Amino acid sequence: MIAKELRVSVRSVERWRRAWREGGMEALRSAGPANSPTVTDAQFAVLEAELGKGSSAHGFDDERWTLTRVQTLIRRRLRVSLSVATVWRLLKRHGWSWQAPARRALERDEHAVELWKKEVWPRVRASRRRPVPGSSSRTKPDSR
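Nothing here was measured: the structure is a model prediction, and the numbers come from that model. (Residues numbered from 1 in each chain as written. Predicted model: local features only at pLDDT ≥ 70, side-chain atom pairs only at ≥ 80, totals over all residues. Heavy atoms only, no water.)

Outline the pattern of salt bridges, listing residues and values.
Counted according to the given criterion, the structure contains 7 salt bridges. Ionic pairing is found between D62 and R64, a salt bridge with its closest N-O pair at 3.1 Å. As a salt-bridge pair, R69 and D62 come within 2.7 Å of each other at their nearest N and O atoms. Classification of R69 as buried rests on a relative accessible area of 13%. Through salt bridges with shared partners, a single network forms among E50, K53 and R77. (Salt bridge = Lys/Arg side-chain N within 4 Å of Asp/Glu carboxyl O. Buried < 20%, exposed > 50% of the residue type's maximum accessible area, 1.4 Å probe, protein only.)

Rendered as structure tokens:
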């Protein structure tokens, strides 16, 4: 009855009841998520030192640090497996933020950009097919 009300297994209710009998309310306190790997402050100091070396020092093609690259570095260097979202939260908690370029790329060709905006973009934007009455079924013949 209790298991059904709480939408858990009978086994869980039995385990909780045994813990309560043996240790009281304190024994029922949550120990946190079952599988949450953590990075200690000492490990994060190592990570920061590695990030300071740059991504190319770790075998990446350029100097950009993406969350996926940081995730790979953590797995390789610290032997801890974290999701990309957890990597972001970890970096944010330690004062790191995403970076955007301060200025436009030197290689940017303003004339080519303007040409593309005037000639190509209108065609791309207008290339969507307008909805027409008809059947979306592959087996039913079109009524056009």
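Outline unusual backbone geometry, listing residues and values.
Phi is positive for R7, close to 55 degrees, though the residue is something other than glycine. Position of R7 among the secondary structure elements: in the loop between α1 (2-6) and α2 (10-23). Of note in the backbone geometry, R79 takes a positive phi value of approximately 60 degrees without being a glycine. Considering the arrangement of structural elements, one finds R79 in the loop between α4 (67-78) and α5 (84-93). Owing to a relative accessible area of 71%, R79 belongs among the exposed residues under this scheme. (Helix = DSSP H or I, 4+ residues; strand = E, 2+ residues; numbered from the N terminus.)

Go over the packing of α4 against α5, please, and point to the residues and values.
Where α4 contacts α5, the axes come no closer than 9 Å and their chain directions differ by 90 degrees. Here α4 lies roughly perpendicular to α5, going by the angle between them. Two secondary-structure elements touch here, α4 through L67, T68, V70, Q71 and I74 and α5 through V84, V87, W88, L90 and L91. Among the residues forming the contact of α4 with α5, the class breakdown is 8 nonpolar, 2 polar and no charged. (Axes fitted to C-alpha atoms, helices over the stretch in contact; angles between N-to-C directions. Parallel < 35°, antiparallel > 145°, perpendicular 65-115°, else oblique. Contact = heavy atoms within 4.5 Å. Nonpolar A, V, L, I, M, F, W, Y, C, P; charged D, E, K, R; others polar.)

Can you lay out a nonpolar patch on the surface for me, pointing to particular residues and giving the numbers?
Residues I2, L6, W16, W20, M25 and L28 make up a contiguous nonpolar surface patch of about 660 Å² in total accessible area. Every element with two or more residues in the nonpolar patch is listed here: α1 and α2. Mapped onto the fold, I2 is located in helix α1. For I2, a relative accessible area of 54% gives the class exposed. (Patch = residues over 30% accessible without salt bridge, like charges linked within 9 Å, V, L, I, M, F, W, Y side chains within 5 Å. Areas by Shrake-Rupley, 256 points an atom, 1.4 Å probe, with all protein chains shown as cover.)

Quick one: what's the story with α2, residue by residue and with numbers?
Between its first and last C-alpha atoms α2 spans 20 Å; for 14 residues at 1.5 Å apiece the expected length is 20 Å, and the two agree. One or two positions beyond α2, positive phi appears at G24, with a value near 70 degrees. (Expected span 1.5 Å × (residues − 1).)

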